[in-house]
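Inside the fold
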Amino acid sequence: MNWISEVVRPKIKTLFKRETPDNLWIKCPETGQVVFHKDVEANQWVIPGSNHHMRISATQRLQLMFDGATWLDVALPEVAVDPLKFRDEKRYIDRLKDARTKTGQQDAFKVGFGRVAELPMTIAVQDFGFMGGSLGMAAGEAFIKGAETALDKKTPFVLFAGSGGARMQEGILSLMQMPRTTVAIRRLRDAKLPYIVVLTNPTTGGVTASYAMLGDVHLAEPGALIGFAGPRVIEQTIREKLPDGFQRSEYLKDHGMVDAVVHRHDLKETVARLSRLFTKAPAVSPVVNPVPVNAEITAAAAE
C-alpha cells in the first residue's frame, strides 16, 4: 500500500459515512416483509401488507384511544417490592429495575382517564413489554384502582389485556390478585357500569382465567393468541395436533369465546359506540363510514 491508500482513503470514507438508525425498518414476524418504520407507525403499528398487529406500549395504546391523545394518568398504589426475596438466575428486584428502565413504567399496568369520542372513559392497559405484562401485586392494585376510578367518575371501564399470566416471582401473592380483581368487577356490575375487555396478543395464563374473561363484551385484535396454556403445552399434554388457528382470536370468535374481532383502526370507534349503548349516552354527530358493530353485541347491549 502507498500513502494514498493508507491516509487519504480512510479520511474520505469517514467524511461520507452515513449513520443508519437501527430501527429504520421493521420486519413482519408473519411474512418476513420489510417495511419502513414510519409507515408502520403511521398505520397505528399495523404492518400494511400483512395486516399483522404489532405489540405496542401502554402509552401508545392510550394515545390511540383518547381524544387528542391526551388523558389524565391515574396515580397507582405502591406495593411491597420483592416480598418473597425471590431469586432464580437473577434477583427479582434486579429484574424489576431492568423492566422499569426499559419501559419507563413502575409496573405492567397504566391507567388513564379522559374522553373517547367525547365520552368520559377510564382505560387500563397491560404492557407486555414489562415482564410479559405479568400479574403481580402492583398489577392487581392498578386494576382495582382503575375500577374504583370508573366507579367514582361513573364511566365505562375498558381493559386492554396482554399478559403471559401470573408473576411467578410473587408466588401465591400474585394468584391472590385473581379473586381481588373479580370482586372489583362485581362492584362495577352492581353499579351498572360497562366493563369492556379488548384482548391483545398474547393474553394467557391466570389473566385469562380471571378478569380478562369477565367482561360484558370481549373484543380481540386480529391474530391475537388467547388462552390459558399455550398451544405447545396442550399438544404435548393431549398428544394430538391442534386445529389451524387454534387459540387465535378468529378461531375463538367462531367458537363463541370472543364477541368480535376488531381491527386496531376501528377499536376506538367500536369501544365508544358500545359504551354509549350500555350507558344510554346521547349519540354524537354522525361520522363518515361508521364502523359496524357485531349485531349480537349490539342486541346484548341494548337489553
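Reference entry: report on the structure contained in this document. Please read all numbers here as calculations on a predicted model, not as lab measurements.

How each quantity is defined
- Each chain has its residues counted from 1, following the order in which its sequence is written.
- The model is predicted, so local features are restricted to residues of pLDDT at least 70 and side-chain atom pairs to those at 80 or more, both for listing and for counting; the totals for chains, interfaces and linings are taken over all residues.
- The side-chain quantities take in all heavy atoms of the structure and omit both hydrogens and water.
- Only protein chains enter the accessibility calculation, which uses a 1.4 Å probe; a residue whose area is less than 20% of its type maximum is buried, one above 50% is exposed, and one in between is partly exposed.
- Each helix corresponds to a stretch of at least 4 residues labelled H or I by DSSP, and each strand to a stretch of at least 2 residues labelled E; elements are numbered beginning at the N terminus.
- Look down the strands so they point away from you; if the path from the first strand over the helix to the second goes clockwise, the crossover is right-handed.
- Only strands that DSSP links by at least two bridges are regarded as paired with each other.
- In what follows, a contact means two residues having at least one pair of non-hydrogen atoms within 4.5 Å.
- We define a nonpolar core as any set of buried Ala, Val, Leu, Ile, Met, Phe, Trp, Tyr and Cys residues linked to one another through side-chain atoms lying within 4.5 Å.

Right, let's get into the pairing of strand β6 (residues 157-163). Along β6, seven of the seven residues are buried, which leaves the element largely enclosed by surrounding structure. Going residue by residue along β6, you find Phe157, Leu159, Ala161 and Ser163 tucked away on one face and Val158, Phe160 and Gly162 tucked away on the opposite face as well. Read from strand β5 (residues 119-126) through helix α5 (residues 137-153) to β6, the crossover connection turns out right-handed. Strand direction decides the pairing type here: β6 and strand β7 (residues 195-203), joined by six bridges, are parallel. Paired with Leu159 across the strands is Val197, a residue of β7.

Quick look at the environment of Ile226 now. Assignment of secondary structure puts Ile226 in the loop between β8 (217-220) and α9 (231-238). A residue is classified by how much of its surface remains accessible, and Ile226, at 1% relative accessible area, is buried. Remark: the alpha-carbon pair of Ile226 and Tyr251, spanning 25 residues in sequence, is separated by 9.8 Å. Those residues in contact with Ile226, other than ones at most four positions away along the chain, are Leu199, Thr203, Met213, Ala220, Gln247, Ser249, Leu252 and Val258.

Among the nonpolar cores identified, the biggest contains 32 residues, and Phe143, Leu159, Tyr195 and Tyr211 are the most heavily contacted of them. When contributions to this core are tallied by element, the ones reaching two or more residues are β4 (109-116), α5, β6, α7 (177-190) and β7. The dominant element in this core, judged by the number of residues it contributes, is α5, at seven residues. With residues near it in sequence (within four places) discarded, Tyr211 still touches Phe109, Gln126, Leu135, Phe143, Leu159, Thr181, Ile185, Tyr195 and Val197. Counting 22 residues, the second largest nonpolar core, distinct from the first, contains Met121, Val217, Leu219 and Ala260.

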